[in-house]
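Close look at the chain arrangement
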Amino acid sequence: MTQQTPDNAPELLKQLAEAAGRVDAEDLTTLAKMHGWAVAYGAEEGVPEDQVGALTRALEGLIIGTTPDVPAALSEVATIITELSGDLSTVVPMDAPADAPPPVDAEAPAAAASGPLAQLLEAAQRVDANDLTLLAEMHTLCQQVAAEAVERGDDGVRRCAAEFAECIEGVILGTEADPADALRKLVASITDLQQNGPGEAEPDAVRTAALSDDEVAARLDEAFALDDGADDAGGAPEPAASEADAAPAPAAKPAAAASAESAAATEPYIPEPLRIDAKELEFVAAFIQEAGEHLENIEAALLEVEQMPDDKEKINELFRPFHTIKGMAGFLNLRDVNCLTHEVETLLDQGRRGERTMTPGCIDLVFEVIDILKAQIGAIATFVAAPTPDPIPQPPVAAMIDRLRGVVAGKVDPDAGASGKRRGAGSPAEPAATPAVAESPAGGPSATAPAPVAKPVVTEQSVRIDTNKLDALVDMVGELVIAQTLITSSTSIQNDPKLSKDAGQVSKIVRDVQEAAMAMRMVPIKSTFQKMARLVRDLSRKAGKHVELAISGEETELDKNVIQQIGDPLVHMVRNAVDHGIEPEDARVAAGKRASGQVSLNAFHHSGNIVIEISDDGKGLDPEKLRAKAIDKGILSADEVLTDEQAYNLIFAAGFSTAEQITDISGRGVGMDVVRRNIEQLRGRVEIVSEKGRGSTFSIRLPLTLAIIDGMLVRIGAERFIIATNMIEQALRPRAEMITTVQNRGEVLNVRGRLIPLIQLGQMFAFTGRVAPAEAMVVIAHTDAGDVGLVVDELIGQQQVVIKTLGEQFSGLRGISGAAILGDGRVGLILDPSGLHLAHELWHGALVAGQAEGTAVAAVVEPEGAAAPDAGGTDEATRALCGSTAGQEV
Amino acid sequence: MQMLEQDDIEVVADAETTGAETASLGGKYLTFALAREEFGLEILQVREIIRVLDITRVPQTADFLRGVINLRGKVIPVIDLRCRFGLPKTDQTDETCIIVVDTGAQKLTGIIVDAVREVYDIQEENIEPPPEFGSTVDSTFLLGMGKVGDAIKILLDIRAVLEGEPFVRA
């Protein structure tokens, strides 16, 4: 029946492929030709007889008309031909739709019945035991086969598929004693299943080389002899054969569910205790680190998907890191993590193939999964830090896994129920798809719905370095800098022109080395900002507002230590912005603003500092209200006059909060003072610019490196000290009339109505006696408990100094936070105003108590207005201090 | 100031000072003078010897803590050993210097001594246990009494000396 029969195998295949692409069930001529080619091909050397046989049979069925499911048969034909062609790229790749494209026939629902099993076979033939990715895909295919079998009521096939799945699981999890062998047997079993399946309803339809049920059963037994974990599918599956199904087979009827959802094991997930071998700790530690990074990327990607749920490429970006985590977890036998990621991966796989729309319910589900994974990894991290022989306590995942399986199978609707809490007043249900489009932002881009410009992905080469090594290097470079300064400044070097030139060259190189070393510690602020995106999303939902987060300058780099410590303050300020700054929707609309509020984070370098701005377009700060509150809380006296800026700074006072309602997010008044303290510990500053009704901007200014501070050098007695300039509000020589003495509180300075306690540092340190403030300098500095005035002998000047720690033995020192190497190489101690304040309270209290008891401390406290500092009074002062320690035992 | 032999200085500079307990007390000791007595320190714990530099006083610390100094970029505390042992103060001379000791884990401390003498190799059999009483210095600070010729060197447990009292006054 065929006219031209090409001679050789490749040609035959080519013809077959080309014909398969255009043939339909009515075209008997072409079908006949194909049959001939197939037979001829089968006669060639070295061709896989099984597949050719299947091809031939399928064609025969189509020609004779005995095929009940024509589209499926056509699809099978196409598939086999493709496989035979050996061109892997045309073999149905895993992320293409599960349905091998039927040549014609628009009615055919997606999944071809032979599709999954054929793919499974194909995959099984090329997989090896280490290819977790492919093994996982095969596992999914088994589930599809099983699902289809369930649809048909074909229990035998289902059980076989379940067996296959078990076997594959065993290989993945490493419980198979001999994975390679198991895989070979798997291939054999699948092949049997495929061959001996009735593509036709009639048992005596065209079929060759059929194995009897018993033989099949025996083969399967053999294949799974190594697998002990069989639960439902048992050792020897007895195909509960109905006549129509002489042997288990892929059904002719395509899966009804177009999306080819498969319920995995229908049994609920049963977690097992997790133990980690001591040998594996190192790998697990690496896993924790990498998984953490992947989860960050996942969150960022998920937020993008939320904005653009139809972008399959974005869903794919979401899929990949989950896939990686799954593989790693599988390798390390972290079963819960592995299974959970597997389920969510299946869900996302459906999404990226277009089989499922990523509804808000789905997205929320994935967020929940992210949280569970974080908790799991956290639990493992805790264990790794302090390993015990006990199993690791793990957060419950069974419920989520079952739920995910249900969603994937189409049995559970992810959007049902639980959505109530998320539909806040602003009803963000709609805007998910139309954020920045509908409400064109007045100014500034919205980074949450970026213009769909493809960002070129640059893969960088990088090396992981232990941070200790990095720190050690940086320290050594610091010493190198000092050493080479000593050399270059030595006179004998300077007098010799050649040496001097060489020394200059060394200097330059050392400076470059220092910059390079410092640069190694620099990390972009991007991931910190990205975490804020998730925070804003959650917060805005909780508060019932719709708030967008815009970020810019995320590539700006900071010292890694600074990044770690800036996180909490940023979180707090972002919370404040969402909670207090942005008004509820109706208030905003009434004020003529956009219904959704915007919080923006911006980072950039400016004159040697790094600046981080948190802005909102909310209601801004109200100086009057702040004043009123401060007076109410006793922080301010009623007649004090404040500029707007000073009023804004009131929010940093401890215990201050103007929130009418304390929500669980913020408003307890313990926030901003801690925030400012944290920032000051980083040698930074916070500034506020605000406009009532329009919004506020908080600017955090940080030095580029923690090791150097900008300091004000002061002299107390014969010693020099440094006060960090970011803590200094102002320095002045007070006029005598500004100073008063308050009963039991010592001297106080009156600055435009504010009463600032004075601390006689020289006296407290026992370096000098009391100094008359009017003849000295007072430096007003911030502390936790308000401002204090530090009395010093002289202001020497500003200097940038390198900070050195004093060491553990000095940790009990109050008021001294470290040491600095001054320009001339000598050591200057760094003063900490808060610590000084505390020290002063204790010291002064004891002093007063001592006076009251009449002990001889009079030598220390000289009468008001007495002149010169008593440098020689040291010993007496010391004894007095020692004497007064009696009152200090608290 | 007595000059140490170049070899000794190099040994000191290169040695991994661990301050570990050595089972045997025999070994090399650096001796120094303090208030008419001669003391000895295990050579492995001696990092270097420097002149008395500008010492920055630290407020609210014990009397025996003279202050801190800048040792090539590192800020280390300096102890007045006379004060620590309760001996009377004396004026500084040309021979006064600071011995920098390493008590382990990079913990460096300077001690002020009147003068540095020599390094002696003192064998175990020449070391006697510290007397219960009557010695210049509290016996908890002593490793033993070492005999060198006719002279006795008081061998110090420098760790005990430095860690016995807190630096910071409450």
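Just above sits the structure.
Report follows, based on the coordinates. Residue positions are counted from 1 within each chain, in the order its sequence is given. Chain labels run from A onward and ligand labels from 1 onward, assigned in the order the entries are written. Given that this is a predicted model, residues contribute local features only at a pLDDT of at least 70 and side-chain atom pairs are listed and counted only at 80 or more, while totals for whole chains, interfaces and linings are drawn from all residues. In computing side-chain properties, one takes all heavy atoms of the structure into account and sets aside hydrogens as well as water.

So, about the overall build of chain A. Helix numbering and strand numbering both begin at the N terminus, where a helix is a DSSP run of H or I of at least 4 residues and a strand a DSSP run of E of at least 2. Across its full length, chain A holds 27 helices and 18 strands. Accessible surface, chain A: about 41,300 Å² in total, of which carbon and sulfur atoms supply 54%. Note on areas: Shrake-Rupley, 1.4 Å probe, and residue coverage restricted to the protein chains presented here.

Moving on, we come to the overall build of chain B. Of the regular secondary structure elements, chain B holds three helices and 11 strands. Taken from N to C terminus, the helices and strands of chain B fall in the order α-β-β-β-β-β-α-β-β-β-β-β-β-α. Within chain B, the proportion of its 170 residues that are buried is 48%. As displayed, chain B offers around 8,500 Å² of accessible surface, 47% of which is attributable to carbon and sulfur atoms. For every residue, the accessible area (1.4 Å probe, protein chains only) is compared with the maximum for its type, and the residue is labelled buried under 20%, exposed over 50%, or partly exposed between those bounds.

Attention now moves to the sheet that holds strand S3 (residues 46-51) of chain B. Sheet strands pair via backbone hydrogen bonds, and the direction of the pair is either parallel or antiparallel. All names here are of chain B. Here, a strand pair is defined by DSSP locating no fewer than two bridges between the strands. Here we have five strands laid out as an open sheet, ordered S3-S6-S7-S5-S4, and mixed in their pairing. Taken across any chain shown, the strands that pair with only one partner, and hence form the sheet edges, are S3 and strand S4 (65-71). If you compare each strand with its neighbour and ignore which way they point, the axes differ by 30 degrees on average. Here an axis means a line fitted to C-alpha atoms, over the contact stretch when the element is a helix, while the angle between two N-to-C directions is reported on a 0 to 180 degree scale.

Our focus in this paragraph is the pairing of strand S4 (residues 597-606) of chain A. All names here are of chain A. As judged from the six bridges shared by strand S2 (residues 547-552) and S4, these two strands associate in the parallel manner. Paired with Val547 across the two strands is Gly597, which belongs to S4. Relative to strand S5 (residues 609-616), S4 is paired through eight bridges, and the arrangement is antiparallel. Within the sheet, the bridge partner assigned to His605 lies in S5 and is Ile610.

This brings us to a nonpolar patch on the surface. Surface patches are defined over residues having more than 30% relative accessible area and no salt bridge, joining like charges when they lie within 9 Å and nonpolar side chains (Val, Leu, Ile, Met, Phe, Trp, Tyr) when within 5 Å. For this document, the term salt bridge refers to a Lys or Arg side-chain nitrogen within 4 Å of an Asp or Glu carboxyl oxygen. Together, Val463(A), Ile465(A), Leu473(A), Met476(A) and Met520(A) make up a nonpolar patch on the protein surface, roughly 500 Å² of accessible area in all. Taking relative accessible area as the criterion, Val463(A) reaches 69% and is therefore assigned exposed.

Time to look at the interface of chain A and chain B. Note on contacts: a residue pair qualifies if any of its non-hydrogen atoms lie within 4.5 Å across the two residues. Taken together, the contacts link 28 residues of chain A with 22 residues of chain B. For the pair chain A and chain B, the summed buried surface comes to about 2,200 Å²; carbon and sulfur atoms form 63% of the total. In this description, buried area is defined as the sum, over both parts, of the accessible area (probe of 1.4 Å) that is lost when the two are combined. On the chain A side of the contact with chain B, Gln809(A), Phe810(A) and Val827(A) bury the most area, a combined 27% of that side's loss. Seen at the junction of chain A and chain B, the total is one salt bridge. Notably, a salt bridge pairs Arg826(A) with Asp54(B), separated by 3.8 Å at the nearest N-O pair. N or O atoms closer than or at 3.5 Å make up a polar contact, with two conditions inside protein: a donor-capable atom paired with an acceptor-capable one, and, for residues adjacent in sequence, both atoms drawn from side chains. Joining chain A to chain B, the criterion identifies one residue pair in polar contact (both at pLDDT 80 or more). Among the secondary structure elements, those contributing two or more residues to the side of chain A that touches chain B are helix H16 (467-488), strand S9 (719-724), strand S17 (816-821), strand S18 (827-831) and helix H27 (874-884) of chain A. Of the residues belonging to the side of chain A that touches chain B, the class tally is 16 nonpolar, seven polar and five charged. In the scheme used here, Gly and all other residues not listed as nonpolar or charged are polar, with Ala, Val, Leu, Ile, Met, Phe, Trp, Tyr, Cys and Pro taken as nonpolar and Asp, Glu, Lys and Arg as charged.

On to the nonpolar core, then. As used here, the term nonpolar core means buried Ala, Val, Leu, Ile, Met, Phe, Trp, Tyr and Cys residues forming a set that is joined through side-chain atoms within 4.5 Å. Counting residues in hydrophobic clusters, the biggest one holds 96 residues, and the most contacted among them are Phe287(A), Ile612(A) and Leu702(A). Ignoring sequence-local partners within four residues, the contact set of Ile612(A) consists of Ile525(A), Phe529(A), Leu558(A), Ile566(A), Leu570(A), Asn602(A), Ala603(A), Phe698(A), Ser699(A), Ile700(A) and Leu702(A). The next biggest cluster of nonpolar side chains, apart from the first, holds 65 residues, and it includes Met712(A), Phe810(A), Cys97(B) and Val161(B).

Assignment of secondary structure puts Thr103(B) in the loop between strand S6 (97-102) and strand S7 (108-113). Those residues in contact with Thr103(B), other than ones at most four positions away along the chain, are Ile158(B), Arg159(B), Leu162(B) and Glu163(B).

Residue and element names in this part refer to chain A. Closest axis-to-axis distance for the helix H11 (residues 312-331)/helix H12 (residues 335-352) pair is 9 Å, and the angle between their directions is 160 degrees. As far as their axial angle goes, H12 and H11 are roughly antiparallel. H11 and H12 meet at a crossing whose hand is left-handed. For the pair formed by H11 and H12, the contact residues are Lys312, Ile315, Asn316, Leu318, Phe319, Phe322, His323, Ile325, Lys326, Ala329 and Gly330 on the first element and Val337, Asn338, Thr341, His342, Val344, Glu345, Leu348, Asp349, Gly351 and Arg352 on the second. Grouping the amino acids of the contact of H11 with H12 by side-chain chemistry returns nine nonpolar, seven polar and five charged. In this scheme, roughly parallel covers angles under 35 degrees and roughly antiparallel covers those over 145, while 65 to 115 is roughly perpendicular and the rest are oblique. It is the rotation of the near helix from the far one that decides the hand of a crossing: anticlockwise by less than a right angle makes it left-handed, clockwise makes it right-handed.

All right, on to the state of the cysteines then. In what follows, a disulfide is any cysteine sulfur pair within 2.5 Å. Enumeration according to the criterion identifies zero disulfides over all chains in this entry. No disulfide involves Cys142(A); its sulfur sits 8.5 Å from the nearest other cysteine sulfur, which is in Cys167(A).

On to the pattern of salt bridges, then. For side chains bearing opposite charge, pairing can occur when the charged atoms are close. Counted under the stated rule, the structure contains 42 salt bridges over all chains. Linking Arg677(A) and Asp832(A) is a salt bridge whose minimum nitrogen-to-oxygen distance equals 3.7 Å. Taken together, the residues span a long stretch of sequence, with Arg677(A) in helix H24 (residues 672-681) and Asp832(A) in the loop between S18 and helix H26 (833-853) at a distance of 155 residues. Between Asp80(B) and Arg66(B) there is a salt bridge, with the nearest N and O atoms lying 3.4 Å from each other. Here Asp80(B) is found in strand S5 (residues 74-80), whereas its partner Arg66(B) is found in strand S4, with 14 residues between them in sequence. For Asp80(B), a relative accessible area of 7% puts it in the buried group. One network of salt bridges, in which partners are shared, links Glu299(A), Glu306(A), Asp364(A), Asp371(A), Lys374(A), Arg534(A), Arg537(A), Asp538(A) and Arg541(A).

Turning to the packing of aromatic side chains, a few remarks are in order. When the centres of two rings from Phe, Tyr and Trp lie within 6.5 Å, Trp using its six-membered ring, the rings pair. Their planes under 30 degrees apart give stacked, over 60 give edge-to-face, and anything left gives tilted. According to the stated counting rule, one finds eight aromatic pairs over all chains in the structure shown. By the ring-pair criterion, three or more aromatic residues cluster together here, those being Phe32(B), Phe39(B), Phe85(B) and Phe141(B). In this scheme, the term charge over a ring applies when either NZ of a lysine or CZ of an arginine sits within 6 Å of the ring centre and within 35 degrees of the ring normal. Sitting over the ring of Phe319(A), Arg352(A) keeps its end group 3.4 Å from the ring centre. The residue whose ring lies beneath Arg84(B) is Phe64(B), and the NZ or CZ to ring-centre distance is 4.9 Å.

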